[in-house]
Amino acid sequence: MEKEEHFLEVLITEEEIQKKVASLGEQVSRDYAGSEHLVLIAVLRGSVYFAVDLSRHLTIPYVLDFIGISSYSGGDPLGIVRITKDLDVNIARKNVLLVEDIVDTGLTLNYLLNNLRTRNPLSLRVCIFLDRPARRIVDIPVDYRGFEIPDVFVVGYGLDYNEKYRNLKSIHVLKDKK
Ligand code: 5GP
């Protein structure tokens, strides 16, 4: 863990986040009303904060599960990701909502979606908290989106920089990232 402090600037406030998450929760609840077997899949670890907050606003039954992946960002520019923790739930014939913190190149979600499709879910939708389209390499079908952001590196609300800043309640731009 590094000791260095960074210069952070608020991009999305806590109030804006809470309002958006509540409205996404209402939207998801409306869309899945009457359908059975909703499985929310949170991608470890960044999206856990968003997924849990989102789930608090759901008025329909659901099961929350987690999938862990090794992030390409530490090294592999080809976007080769690896599952480090698999789902506990069998998603065959279930309605699946994959919840991710941020989509950048789209490589991570593309890999995950292809993987999940092979497990024969009844439906598979994507809910992302942040969308940064500027660096997109693979097109991702996004069903629910929190905020679109410019081409800046962000931390907070689960998003880290070397394991720091996940606990921040707002989204901040890390101005002096090396
Ligand atoms: P993608 O595969 O779409 O390029 O990248 C997605 C993953 O990269 C995210 O799940 C997240 O872990 C990481 N990532 C991408 N952009 C940012 C960012 O601005 N801040 C942080 N903390 N992580 C990011």
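Note that the coordinates shown come from a computational prediction; the quantities given were computed from them, not determined experimentally. (Residues numbered from 1 in each chain as written. Predicted model: local features only at pLDDT ≥ 70, side-chain atom pairs only at ≥ 80, totals over all residues. Heavy atoms only, no water.)

Moving on to the pattern of salt bridges. According to the stated counting rule, one finds eleven salt bridges in the structure shown. For the salt bridge of Arg119 with Asp86, the shortest nitrogen-to-oxygen distance reads 3.0 Å. In this pair, Arg119 sits in the loop between helix H3 (107-117) and strand S6 (123-131) while Asp86 sits in the loop between strand S4 (82-85) and strand S5 (95-103), placing the two residues 33 residues apart along the sequence. For the salt bridge of Asp160 with Arg166, the shortest nitrogen-to-oxygen distance reads 3.7 Å. On the basis of relative accessible area, Asp160 is assigned to the partly exposed category, the value being 23%. For Arg166, a relative accessible area of 11% puts it in the buried group. A cluster of three or more residues bridged by salt bridges with shared partners is formed by Arg45, Asp160, Glu163 and Arg166. (Salt bridge = Lys/Arg side-chain N within 4 Å of Asp/Glu carboxyl O. Helix = DSSP H or I, 4+ residues; strand = E, 2+ residues; numbered from the N terminus. Buried < 20%, exposed > 50% of the residue type's maximum accessible area, 1.4 Å probe, protein only.)

All right, on to the site of the ligand then. What surrounds the ligand is a group of 16 residues, the closest being Thr105, Thr108, Arg132, Val154 and Asp160. Between Asp104 and the ligand, the recorded distance is 2.8 Å, taken from a backbone N or O atom to an oxygen atom. Within the backbone of Val154, a nitrogen or oxygen atom sits 2.7 Å from a nitrogen atom of the ligand. Coverage of the ligand by the protein chains reaches 89% of its 510 Å² of free accessible surface. Looking at the shell around the ligand, the elements with two or more residues in it are S5 and H3. (Near = heavy atom within 4 Å. Polar contact = N/O pair within 3.5 Å; in protein donor to acceptor, adjacent residues only side chain to side chain. Areas by Shrake-Rupley, 256 points an atom, 1.4 Å probe, with all protein chains shown as cover.)

Moving on, we get to the sheet that holds strand S9 (residues 171-174). Where strands meet in a sheet, backbone hydrogen bonds hold them as pairs that are either parallel or antiparallel. The three strands lie next to each other as S1-S9-S8, forming an open sheet whose pairing is antiparallel. Sheet topology places strand S1 (8-12) and strand S8 (154-155) at the edges, where each strand pairs with a single neighbour. The pairing of S1 with S9 spans four bridges and is antiparallel. Residue pairing in the sheet places Ile12 in a bridge with Ile171 of S9. (Pairing = 2+ DSSP bridges.)

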